[in-house]
Amino acid sequence: MPAETSPAGRLDDDDYPAYTMGRAAAILGITPAFLRAIGEAELITPLRSDGGHRRYSRRQLRTAGRARELVDQGTPIEAACRIIDLENRLDDALRQNEEMRRRLDE
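Here is what the cut-offs are and how they apply
- Residues numbered from 1 in each chain as written.
- Predicted model: local features only at pLDDT ≥ 70, side-chain atom pairs only at ≥ 80, totals over all residues.
- Heavy atoms only, no water.
- Helix = DSSP H or I, 4+ residues; strand = E, 2+ residues; numbered from the N terminus.
- Contact = heavy atoms within 4.5 Å.
- Pairing = 2+ DSSP bridges.
- Salt bridge = Lys/Arg side-chain N within 4 Å of Asp/Glu carboxyl O.
- Buried < 20%, exposed > 50% of the residue type's maximum accessible area, 1.4 Å probe, protein only.
- Core = buried A, V, L, I, M, F, W, Y, C linked by side-chain atoms within 4.5 Å.
- Phe/Tyr/Trp six-rings, centres within 6.5 Å; stacked < 30°, edge-to-face > 60°.
- Lys NZ or Arg CZ within 6 Å of the ring centre and 35° of its normal.
- pLDDT = per-residue confidence, 0-100.
- Axes fitted to C-alpha atoms, helices over the stretch in contact; angles between N-to-C directions.
- Parallel < 35°, antiparallel > 145°, perpendicular 65-115°, else oblique.
- Nonpolar A, V, L, I, M, F, W, Y, C, P; charged D, E, K, R; others polar.

With that out of the way, let us pick up the side chain of threonine 75. If you trace the backbone, threonine 75 turns up in the loop between helix H3 (58-72) and helix H4 (77-105). Threonine 75 has contacts with Leu70, Ala80 and Ile83, leaving out every residue within four places of it along the chain.

Structure follows, in structure tokens:
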């Protein structure tokens, strides 16, 4: 089995859904209900195991952690999800802008 498709080859993959809901919540110090809430708000969409259990990636854990920070500062969860969505869009736009500038300079 090639390294990139073997379980060991996925250890560095930020998008690999390696964490169960309970483990993800424990790592972040949040409740499973919070993970469900940001899932319902469509901030993150966990993958489902064959048994239907939610599985989270490291990227999703970082996003959930950012949401928790905003909520802890008093931001309503829906607003926190919108803020994070806008932050992600801005990051993408800045990255694309930089790439376009690089191409123009070549």
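Back to the write-up after that little detour.
Here we come to the sheet that holds strand S1 (residues 19-20). In space, the three strands of this open sheet follow the order S1-S3-S2, with antiparallel pairing throughout. Sheet topology places S1 and strand S2 (47-48) at the edges, where each strand pairs with a single neighbour. Judged from the two bridges that link them, S1 and strand S3 (residues 54-56) form a sheet pairing that is antiparallel. Note on S3: the bridge partner recorded for threonine 20 is arginine 55.

This part takes up the pattern of salt bridges. Considering all chains together, one arrives at eleven salt bridges under this definition. Among the ionic pairs, arginine 66 bridges to glutamate 87, the shortest N-O distance being 2.6 Å. Separated by 21 residues along the polypeptide, arginine 66 in helix H3 and glutamate 87 in helix H4 bring together distant segments of the chain. Aspartate 72 is the salt-bridge partner of arginine 68, the closest N and O atoms lying 2.9 Å from each other. Of this pair, arginine 68 and aspartate 72 both sit in helix H3, four residues apart, which is roughly one turn of the helix. Under the relative-accessibility criterion, aspartate 72 is labelled exposed at 56%. Here the salt bridges share partners, and the residues they tie into one network are Asp14, Arg58 and Arg62.

Here the focus is the nonpolar core. One finds Leu35, Ile38, Leu43, Ile44, Tyr56 and Ala67 to be the most contacted residues of the largest nonpolar core, which totals 17 residues. Breaking this core down by element, the ones donating at least two residues are helix H1 (21-28), helix H2 (32-40), H3 and H4. Looking at which element gives the most residues to this core, the answer is H3, with four residues. Excluding residues that lie within four positions of it along the chain, tyrosine 56 makes contacts with Tyr16, Pro17, Ala18, Tyr19, Thr20, Met21, Ala24, Leu35, Ile44, Pro46 and Leu61.

Any aromatic ring pair is given by two values, namely how distant the centres are and how the planes are angled relative to each other. Evaluation of the coordinates by the stated rule reveals zero aromatic pairs. Of note, arginine 68 hangs over the ring of phenylalanine 34, and the distance from its end group to the ring centre comes to 4.6 Å.

Here we come to the confidence of the model for the protein chain. Here the protein chain averages 91 in pLDDT, and 91% of its residues register 70 or above. Mean pLDDT across the secondary structure elements of the protein chain bottoms out at S2, with 93, and peaks at H3, with 97.

What follows deals with the packing of H1 against H2. It is at 8 Å that the axes of H1 and H2 come closest, and there the two elements cross at 105 degrees. What the angle tells us is that H1 and H2 run roughly perpendicular. For the pair H1 and H2, contact is made by Met21, Ala24 and Ala25 and by Pro32, Leu35 and Arg36, respectively. The class makeup of the residues in the contact of H1 with H2 is five nonpolar, no polar and one charged.

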